[in-house]
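# Coordinate analysis (summary)
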Amino acid sequence: MIRAISTCIFLVSTLFLNAQVKGKVTSATNEILPVVNIFIENTYIGTTTNNDGLYELELEKAGTYTFVFQYLGFKTLKKEVTISSFPFTLNAELEEESVNLNEVVINSKENPAHAIIRAAIAKRKENLKQQNTFTANFYSRGLIKLLNAPEKILGQEVGDLEGNLDSTRQGIIYLSETVSKLEYQYPKDLKETIVASKVSGNNNGFSFNSASDTNFNFYNNTFELGEQIVSPISNNAFSYYDYKLLGDFYEDGFLINKIEIKPKRENDKAFAGIIYIVEDHWSLYGVDVYITGKQTGITPVNTFKLKQSYTFSKSDNIWAKISQTFDFDFKFFGFEGEGKYTVVFSDYNFNPEFEEKNFTRQVLSFEDNANKKDSIYWSLKRQVPLTQEEAIDYVKKDSVELVRNSKQYLDSIDKKNNTFKLGNLLSGYTYKNSAKKWSIGFTSPIEKISFNTVQGWNSDMRFDFTKNIDEYKRFFRVSTAISYGEAEDRLRVRGQIFYKFNSIKRPVLNISGGTKAVQFNGSNPISNLENMISTLYFEDNYMKLFDKTYASLNYSQEVFNGLNLSTGLNYERRKALVNNSDYVTINQSDDIYTSNNPLNESATNTPAFKTHELYSFRLNAKINFAQNYLSYPDGKYNISNSKYPTLYLGYKKGFNGSNTNYNFDEFNATLKQRFNLGATGEINYNLKGGLFNNAENISFIDYKHFNGNQTHIITDGNHINTFKNLPYYGLSTNTNYVEFHSEHNFKGFIMNRIPVLNKLNFNLVTGAKFISSDAYKPYSEFSIGLDNIGFGKYRFLRVDYVRSYQSGFLNDAVMFGISL
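Residues numbered from 1 in each chain as written. Predicted model: local features only at pLDDT ≥ 70, side-chain atom pairs only at ≥ 80, totals over all residues. Heavy atoms only, no water.

### A word on the overall build of the chain
Each helix and strand in the chain was counted, giving 10 helices and 44 strands. Against the globule reference of 28 Å for 820 residues, the chain gives a C-alpha radius of gyration of 31 Å, in line with a compact fold. By its C-alpha atoms, the chain is 95 × 70 × 55 Å across when sized along the principal axes. Burial status across the chain gives 51% buried among its 820 residues. Considering only contacts within the chain whose residues lie at least 6 apart along the sequence, 60% involve residues at least 24 apart. Roughly 39,600 Å² of accessible area belongs to the chain as shown, and the carbon and sulfur atoms make up 54% of that amount. Positive and negative side-chain charges of the chain, numbering 89 and 88 respectively, have mean locations separated by a distance of 3 Å. (Helix = DSSP H or I, 4+ residues; strand = E, 2+ residues; numbered from the N terminus. Rg over C-alpha atoms; globule rule 2.2 N^0.38 Å. Buried < 20%, exposed > 50% of the residue type's maximum accessible area, 1.4 Å probe, protein only. Contact = heavy atoms within 4.5 Å. Areas by Shrake-Rupley, 256 points an atom, 1.4 Å probe, with all protein chains shown as cover. Lys, Arg positive; Asp, Glu negative; His and termini not counted. Charge placed at Lys NZ, Arg CZ, Asp CG, Glu CD.)

### Some remarks on the packing of aromatic side chains
The description of two aromatic rings rests on the distance between their centres and on the angle between their planes. With the rule as written, the count across this model stands at 68 aromatic pairs. With a centroid separation of 5.2 Å and an interplanar angle of 80°, the aromatic rings of Phe206 and Phe366 are classed as edge-to-face. Residue Phe206 is located in the loop between strand E13 (191–199) and strand E14 (222–225), and its partner Phe366 is located in strand E23 (residues 362–366); the two are separated by 160 residues in the primary sequence. Each member of the pair, Phe206 together with Phe366, is buried. Arranged with centres 5.6 Å apart and planes meeting at 40°, the rings of Phe216 and Phe223 form a pair that is tilted. Accessibility expressed as a relative area gives 5% for Phe223, which makes it buried. (Phe/Tyr/Trp six-rings, centres within 6.5 Å; stacked < 30°, edge-to-face > 60°.)

### What about the nonpolar core?
Among the nonpolar cores identified, the biggest contains 55 residues, and Tyr241, Ile259, Phe271 and Ile277 are the most heavily contacted of them. Among the elements that make up this core, the one with the highest residue count is helix H3 (residues 112–122) (six residues). With sequence-adjacent residues up to four places away left out, Tyr241 is seen in contact with Val230, Ser231, Pro232, Ile261, Lys262, Lys264, Ala270 and Phe271. (Core = buried A, V, L, I, M, F, W, Y, C linked by side-chain atoms within 4.5 Å.)

### Concerning the sheet that holds strand E6 (residues 77–83)
A sheet is described by the order of its strands in space; here four strands give the open sequence E3-E2-E5-E6, paired in antiparallel fashion. The open sheet has two edge strands, strand E3 (46–48) and E6, and neither has a second partner. On average, adjacent strands in this sheet sit at an angle of 20° to one another, irrespective of strand direction. Where strand E5 (residues 63–70) lies against E6, seven bridges are found, and the strand directions are antiparallel. Bridged to Tyr65 within E6 is Val81. (Pairing = 2+ DSSP bridges. Axes fitted to C-alpha atoms, helices over the stretch in contact; angles between N-to-C directions.)

### Brief notes about the pairing of strand E19 (residues 284–292)
Successive residues of a regular strand alternate their side chains across the two faces of the sheet. Across six bridges, strand E18 (residues 272–278) lies against E19 in antiparallel orientation. When the bridges of E19 are listed, Ile274 appears paired with Asp288. Connecting the antiparallel pair E18 and E19 is a turn made up of five residues, with Asp280 showing a positive phi of about 75°. For E19 and strand E20 (residues 301–313), the ladder comprises seven bridges, and the chain directions are antiparallel. Bridging from a neighbouring strand, Ile291 pairs with Phe304 of E20.

### Re unusual backbone geometry
Negative phi values dominate among residues other than glycine, just as trans dominates among peptide bonds. Here the amide bond leading from Phe86 into Pro87 is cis, since omega sits at -5°, within 30 degrees of zero. Relative to the helices and strands, Pro87 is located in the loop between E6 and strand E7 (88–89). For the peptide bond that leads from Tyr186 to Pro187, omega is 5°, which places it in the cis range. Position of Pro187 among the secondary structure elements: in the loop between strand E12 (171–185) and E13. Positive phi outside glycine occurs at Asn42, with the angle close to 65°. Within the secondary structure, Asn42 is located in the loop between strand E2 (37–40) and E3. Even without being a glycine, Asn694 presents a positive backbone phi close to 55°. Locating Asn694 in the fold gives a position in the loop between strand E38 (682–693) and strand E39 (713–714).

### A closer look at the pattern of salt bridges
Using the criterion set out here, one finds 35 salt bridges in the structure. Here Arg574 ties to Asp702 by a salt bridge, and the two come within 2.8 Å at their closest N and O atoms. Placement of the pair is Arg574 in strand E32 (residues 563–576) and Asp702 in the loop between E38 and E39, with a sequence separation of 128 residues. On the accessibility criterion, Arg574 (3% relative accessible area) is buried. A residue is classified by how much of its surface remains accessible, and Asp702, at 5% relative accessible area, is buried. Look at the salt bridges and you will find they share partners, linking Arg141, Glu177, Arg382 and Glu390 into a network. (Salt bridge = Lys/Arg side-chain N within 4 Å of Asp/Glu carboxyl O.)

### Some thoughts on the environment of Glu336
Structurally, the position occupied by Glu336 is in strand E22 (residues 335–349). Its relative accessible area of 29% is what places Glu336 among the partly exposed residues. Filtering out sequence-adjacent residues up to four positions away, Glu336 remains in contact with Lys145, Leu146, Leu147, Asn148, Phe330 and Lys331.

### What about the pairing of strand E1 (residues 21–27)?
When you tally the buried positions in E1, you get five out of seven residues, the bulk of the element. Bridge count between E1 and E7: two bridges; the pairing is parallel. Paired with Lys22 across the strands is Thr89, a residue of E7. Here four bridges tie E1 to strand E4 (residues 54–57), and the two strands are oriented antiparallel to one another. Residue pairing for E4: Lys24 is matched across the bridge by Leu54.

### Quick notes on helix H10 (residues 528–538)
Those residues of H10 not exposed but buried are Glu530, Asn531, Met532, Ser534, Thr535 and Leu536. Once H10 finishes, Glu539 follows within two positions and takes phi at roughly 60°, a positive value.

### Some remarks on helix H7 (residues 388–404)
The terminal C-alpha atoms of H7 lie 24 Å apart, and with 17 residues this matches the ideal 24 Å at 1.5 Å per residue to within 8%. Of all the residues in H7, the buried ones are Glu390, Ala391, Asp393, Tyr394, Val395, Lys397 and Glu401. (Expected span 1.5 Å × (residues − 1).)

### Some points on the confidence of the model for the chain
Of the residues in the chain, 96% reach a pLDDT of 70 or more, and the chain-wide mean stands at 91. Low confidence marks residues 1–19, where pLDDT is under 50. Its contacts with residues over four positions away, or in another chain, come to 23 contacts. (pLDDT = per-residue confidence, 0-100.)

### Observations concerning a nonpolar patch on the surface
Together, Phe420, Leu422, Leu425, Leu426, Ile446, Ile449, Trp457 and Tyr583 give the surface a local cluster of nonpolar side chains, amounting to about 810 Å² of exposed area. With respect to the secondary-structure elements, Leu422 resides in the loop between helix H8 (407–417) and helix H9 (424–427). (Patch = residues over 30% accessible without salt bridge, like charges linked within 9 Å, V, L, I, M, F, W, Y side chains within 5 Å.)

### Brief notes about the environment of Asp52
Residue position: Asp52 is located in the loop between E3 and E4. Considered as a pair, Asp52 and Thr387 are 335 residues apart in the sequence and their alpha carbons are 6.3 Å apart. Setting aside residues up to four positions removed in sequence, Asp52 forms contacts with Lys24, Ile32, Thr387 and Gln388.

### A word on the environment of Gly522
With respect to the helices and strands, the residue Gly522 is situated in the loop between strand E30 (508–519) and H10. Assessed through its relative accessible area of 65%, Gly522 is described here as exposed. In the structure, Gly522 is positioned 183 residues away from His705 in sequence and 8.5 Å away in space, judged by C-alpha atoms.

Structure below.
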């Protein structure tokens, strides 16, 4: 402890000893000024102040320099100094900017801000094109701090979050820094190479801070911040913003216009605040705006604040972004906190020469030993000094990490957590050996209690052994599950062996076998909970089950970027089941349970099929076109490209059946895509098709079953893989088929324009669905609905009205569900 305290005091007191130029920036009234830009005139060598108003800047050699201190709302200050030795201290005091609003502007009949905004919009594409090619150095720091945390959530102890909270339930839960090299060439994606990465409390950790996550470019019409947010200088900005010219001021001969912006409507996807536009250049000089979490769709957040500063380069004739801060505060489930992400761009080169194959689908990578940089490196390369709170957090958590990773500590924690209590028989239990990275346990038998007419009251209990092998996320798991149904008095057992080889190409081997009761539709279109409520309270037993005894061998992996293959060999013995329970909680006088036969729901005790055996082989491919990826030392993280769909291809062969009529071949394909339409929302579609061969007399189990819905409830949030008004097995087919789902979520584009209704912050959603097969006449559904329904921060509900057609109007319904 004494060593930790001494180290902390030393670090805080010597934060700037290695800085070649250091100082403090305040206002004329001695107010600390955070995020002041300090740079060498006519260069991109610069930094910003931290929350304590302190800065440090590394220079290569002594000499005469002109330092520029730039801060939105204050006069830019230039100081020419001659430096003969280092370290060198240079403090600055800034005066508030006096903004002029002359009489001509005041008396103007037309809003004077509109002419400036029109000029900025007209110049938007040109300004965007100026930065089509560049390299730069990039520094980022992210901090998330809890200001209050509950003791319990839903009866579960929250604890101190692994030592991150103090006695007042406050503390930094995330602190991380990166130093990166950026390369960009339109139309390629931004390429980032992380040179150094530091995570507080994890010496082996790799930061998830990245330039692409903070790339809020106001020269684009929209950019993503939860939803697509409209830029105040976008082509259609006047449909979303009101403007007011607050005045102007001169800086280095440039006239800077200060303009206040406000959303036209309360819930529009638009910012409020101040933007600064350079006269004649019509470029951005600065941005100081905010937007509510409600407007972005990220409801736990109260407010996002975004601040950007730009500097002018005479040699490049460009106003380039040199710093950005992104702040937010949140409150959710009793947690209150705040976050701050600070980024600094430096050493721009707008005329780089790239090798032909410089840009690939790898958009982020780490240099060797990026997470092993020492404190000397960081004191030299850190472009924004640590605050005292941040410095103390690093020292405290680095010291705690040594203790927490020790075998003695891990054993002591395990001893406490591994204590078995009688209540664990009902709640579940896990015995863990953290030092050797293995665990064994069982799940709660109560958690999976359910009811269906075949098994009656039933439950499922699983036993697991898991071994984590190394830091590259190789792990091994053996599990056994036992299920019991009281009405059929039947115990079923199944097991699984699962091995993941690595997190790069994610090769996975899965061996399983046993016996279980499963739905005829392997996609499980109705959940246990939905079926239990529907059965017990409405006497609608929609779930249809059969008994499957099986053995399965499966393997999957990424072959190369964008292509994943999976294959499997299976044996199944299928046996029909019948209803064994007529129990009901609320007896509907005009209703009775249907049989467990999906082909004949009135055939109460008639098996749906004869017991049979079948072997099957499957081969599936998933193709993500133009897929980018992040290369972390411990894994590869794929990023789908919304400009292109994802293609799924599949082949399944049933063979060596106990009845040769059950052998078949099936080919299927799926095309899925979700893409943004900017301010008008997003479109999501799912197109499927399949071909059967030699399938005239196959088992009903192997038919193509479309995901129907008869409960009028959608609990999984998946609205483009399920029909809203189709019986579960009404159109099942063993012939060729096409299936289509599409949906347009307008994301407030329409609802925000309707008086009164725009206060509700609902989103209009329209949808269309279609089935065509050789066996049936085409079936279609059309729907209109509202999502983002709820109260306060909790908005996850949705309601739809749907009409279905098959040779004319068929039916209509109102659907309630979850929106994800």
